[in-house]
Amino acid sequence: MCLAVPGRVLDIEDRDGTRMATVDFGGVVKEVCLEYLPDLRVGEYAIVHVGFALQRLDEESARQTLELFAELGMLQEEFGDPWEAAAVEAGEDAVQEVRK
């Protein structure tokens, strides 16, 4: 499943003519394109989908959404290690093998 997840902008830079940001999604940090929100600033929150910031969001709404996603395990599903997830589905022996 691909979620639109709220994240907080940590820093912004221009990369080869594209405005990019480092964004924190409740402890998971990813690079995000800001071309759809050119006036987004450091410290603000945005809804991000497939690497693009799509909409500005207030801090309280972002925190509530991140807490709910974390409770439901959706952040791990969205940002977790796909190899480890596959190993878990395969069984505990495979999990141990992946962690070696």
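These lines cover the structure that appears in this document, whether it is placed above or below. Computed from a predicted structure; not experimentally measured.

**A few points about the pattern of salt bridges**
Enumeration over the complete set of coordinates arrives at 6 salt bridges. Of the charged contacts in the structure, one is a salt bridge between Arg41 and Glu44, with a shortest N-O distance of 3.6 Å. With a closest N to O distance of 2.3 Å, Arg63 and Glu59 form a salt bridge. Remark: Glu59 and Arg63 occur in helix H1 (residues 59-71); sequence separation between them is 4 residues, near one turn of the helix. A relative accessible area of 40% means that Arg63 is categorised as partly exposed. Taken together, the shared-partner salt bridges in this structure form one network comprising Asp39, Arg41, Glu44 and Arg56.

**Concerning the nonpolar core**
Core analysis: the largest hydrophobic core is formed by 16 residues, its most contacted members being Val5, Val23, Phe25, Val32, Leu34, Leu40 and Ala53. Residue assignment for this core shows that the elements contributing at least two residues are strand S1 (5-15), strand S2 (18-25), strand S4 (45-49) and H1. Top element by residues in this core is S2. It accounts for 3 residues.

What counts as what
Residues numbered from 1 in each chain as written. Predicted model: local features only at pLDDT ≥ 70, side-chain atom pairs only at ≥ 80, totals over all residues. Heavy atoms only, no water. Salt bridge = Lys/Arg side-chain N within 4 Å of Asp/Glu carboxyl O. Helix = DSSP H or I, 4+ residues; strand = E, 2+ residues; numbered from the N terminus. Buried < 20%, exposed > 50% of the residue type's maximum accessible area, 1.4 Å probe, protein only. Core = buried A, V, L, I, M, F, W, Y, C linked by side-chain atoms within 4.5 Å.

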